[in-house]
Number of protein chains: 2
Amino acid sequence: MIFIDLKDSRPIYEQVVERFKLLILKGVIERDEKLPSVRNLAVELSLNPNTIQRAYGELERQGYIYTVKGKGNFASGSEKLIDRYKEEIQKQLREICKTAISIGMTEEELMNGIREWRKI
Amino acid sequence: MIFIDLKDSRPIYEQVVERFKLLILKGVIERDEKLPSVRNLAVELSLNPNTIQRAYGELERQGYIYTVKGKGNFASGSEKLIDRYKEEIQKQLREICKTAISIGMTEEELMNGIREWRKI
DNA sequence: AAGGGTGTATTATTAATGCTAGTACACAGA
DNA sequence: TCTGTGTACTAGCATTAATAATACACCCTT
């Protein structure tokens, strides 16, 4: 279901968090769908259960999943999460554009960085 | 000339690198202008000289400055550096847009994240 | 009631890295 | 020669990611 990139400099638990975030936001994991158990995922990814637990704890803290003791971890509904995530993305875009303009990048050059993802 | 944000989770030497990168790209530090000496900047920022040296070493490796032993570190010309930096920014933008679209963000919502930086 | 699967908590240990500390050496210029 | 400069090296500290091992409580099925 997910994979880990050991060449990535970010901590493993952060990678796990991000992967599940996107899976939930995209709807690949639906509301109330069960995530892999801490122990199972640890075996599957050859990681320590504590690392998975830390990732799940973070996902729960951010509202992406909820926990039922003795049963497992389950995906939350994604509507509000998507809105929040969209704002984060817009914030990132603004930061990058701010820097870009400060070094003299033109509007045209900025748009060239985006154009290939536009339908037109 | 520059400042360090201790609340920033990134390493200090990376912050120093980024600050000088932008100062050179913006032309605030002109070609062949001398940067603060390793020891002076270390005192000014209350850091260890080794930390500054690491930052300067990185800046040299990336072509932003050149070193004259016994004299100091000096800014390189920024023309080629700017072109390279613009490509990096475009790459970042594409990555963000790619993710944004994958979670169902619309073109309109994407543009709202940029609009305030456009002249129009 | 028993057992297996689940999350949770705790403590200890290892490994990597950022940063500091201290020292030493070589070069440039006055 | 003296001062300021970059460079190199070793050592150590602090933080954090990650592992290891263990224990406990909950849920559900048998």
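Residues numbered from 1 in each chain as written. Chains lettered and ligands numbered in written order. Predicted model: local features only at pLDDT ≥ 70, side-chain atom pairs only at ≥ 80, totals over all residues. Heavy atoms only, no water.

**Q** Whenever I open this one, helix α1 (residues 12–26) of chain B confuses me. Can you help?
**A** For α1 of chain B, with 15 residues, the first-to-last C-alpha span of 21 Å sits near the 21 Å given by 1.5 Å per residue. Of all 15 residues making up α1 of chain B, 11 are buried, and the element is well covered by its neighbours. Among all positions in α1 of chain B, only Tyr13, Gln15, Val16, Val17, Arg19, Phe20, Lys21, Leu22, Leu23, Ile24 and Leu25 of chain B are buried. Residues of α1 of chain B that are buried in the fold lie against α4 (79–102) of chain A together with α2 (38–44), α3 (49–61), β1 (65–68), β2 (72–75) and α4 (79–102) of chain B. Residue Gly27 of chain B follows α1 of chain B closely and has a positive phi angle near 90°. (Helix = DSSP H or I, 4+ residues; strand = E, 2+ residues; numbered from the N terminus. Expected span 1.5 Å × (residues − 1). Buried < 20%, exposed > 50% of the residue type's maximum accessible area, 1.4 Å probe, protein only. Contact = heavy atoms within 4.5 Å.)

**Q** When you look at the interface of chain B and chain A in this model, what are you seeing that I'm missing?
**A** Many analyses report the size of an interface as the accessible area lost when the parts associate. Across the boundary between the two partners, chain B contributes 32 residues, which contact 32 residues of chain A. The tally of links between chain B and chain A comes to two salt bridges. Linking chain B to chain A there are four residue pairs in polar contact (both at pLDDT 80 or more). Per-element accounting of the side of chain B that touches chain A gives the leading share, 14 residues, to α4 of chain B. The residue inventory of the side of chain B that touches chain A, partitioned by class, reads 16 nonpolar, seven polar and nine charged. (Salt bridge = Lys/Arg side-chain N within 4 Å of Asp/Glu carboxyl O. Polar contact = N/O pair within 3.5 Å; in protein donor to acceptor, adjacent residues only side chain to side chain. Nonpolar A, V, L, I, M, F, W, Y, C, P; charged D, E, K, R; others polar.)

**Q** How do you make sense of the protein's contact with DNA strand C when you look at a structure like this?
**A** In the vicinity of DNA strand C lie 23 residues, with Arg39 and Thr67 of chain A together with Ile12, Asn50 and Thr51 of chain B positioned nearest. Counting only the atoms of DNA strand C that lie within 4 Å of the protein, the sugar and phosphate share comes to 61%. The contact in question runs from a base nitrogen of DNA strand C to an N or O atom on the side chain of Asn50 of chain B, over 2.7 Å. At 3.0 Å from a phosphate oxygen of DNA strand C is found a side-chain nitrogen or oxygen belonging to Arg54 of chain B. Looking at the surface near DNA strand C, the elements with two or more residues in it are α2 (38–45), α3 (49–61) and β2 (72–75) of chain A together with α1 and α3 of chain B. Residues of the surface near DNA strand C, tallied by class, amount to five nonpolar, 12 polar and six charged. (Near = heavy atom within 4 Å.)

**Q** What should I look at first to understand the protein's contact with DNA strand D in this one?
**A** Close to DNA strand D lie 23 residues; Ile12, Asn50, Thr51 and Arg54 of chain A together with Arg39 of chain B are nearest. Take the atoms of DNA strand D that sit within 4 Å of the protein: sugar and phosphate atoms are 62% of them. Between a base nitrogen of DNA strand D and a side-chain N or O atom of Asn50 of chain A, the distance comes to 2.7 Å. Contact between DNA strand D and Asn73 of chain B: a phosphate oxygen at 3.0 Å from a side-chain N or O atom of the residue. Of all the secondary structure elements, the ones that give two or more residues to the surface near DNA strand D are α1 (12–26) and α3 of chain A together with α2, α3 and β2 of chain B. Residue composition of the surface near DNA strand D, by class: five nonpolar, 12 polar and six charged.

**Q** I keep staring at the pairing of β2 of chain A and nothing clicks. Help me out?
**A** Consecutive residues of a regular strand have side chains that alternate between opposite faces of the sheet. Residue and element names in this part refer to chain A. Side chains of β2 alternate between two faces, with Gly72 and Phe74 and Asn73 and Ala75 buried alike. Looking at chain direction, strand β1 (residues 65–68) and β2 are connected through four bridges and run antiparallel. By the bridge assignment, Ile65 is partnered in β2 with Ala75. Between β1 and β2, which pair antiparallel and follow one another directly, the connecting turn spans three residues, one of which, Gly70, has a positive phi of 85°. (Pairing = 2+ DSSP bridges.)

**Q** Which parts of the structure should I look at to understand the relation of the copies chain B and chain A?
**A** Turning one copy of the chain about an axis and sliding it along that axis gives the other copy, so a rotation and a shift relate them. Superposing chain B onto chain A takes a rotation of 180° plus a shift of 0.1 Å along the axis, which leaves an RMSD of 0.1 Å. These values place the two chain copies in the arrangement generated by a two-fold rotation axis. Identified as the residue of chain B closest to the rotation axis by C-alpha distance is Leu93 of chain B, at 3.6 Å. A shared interface surface links the copies, since 97% of the contact residues of chain B are contact residues in chain A too. (Least-squares fit on C-alpha atoms with pLDDT ≥ 70 in both.)

**Q** For this particular structure, what's the right way to read the domain arrangement of chain A?
**A** Residue and element names in this part refer to chain A. When its domains are assigned, chain A resolves into domain 1 (12–75) and domain 2 (80–118). Of note, the centres of domain 1 and domain 2, computed from C-alpha atoms alone, are 29 Å apart. Of the residues lining the interface, five residues belong to domain 1; the matching set on domain 2 comes to four residues. Summing the contributions of domain 1 and of domain 2, the shared interface buries around 500 Å²; its carbon and sulfur component is 65%. Counting the surface domain 1 buries against domain 2, the share from its top three residues, Leu25, Gln62 and Tyr64, is 68%. Our count for the contact surface shared by domain 1 and domain 2 stands at zero salt bridges. In this structure, the connection of domain 1 to domain 2 is made through one residue pair in polar contact (both at pLDDT 80 or more). For the side of domain 1 that touches domain 2, the per-class residue count stands at three nonpolar, two polar and no charged. (Domains from an automatic or database assignment. Buried area = accessible area lost by both parts, 1.4 Å probe.)

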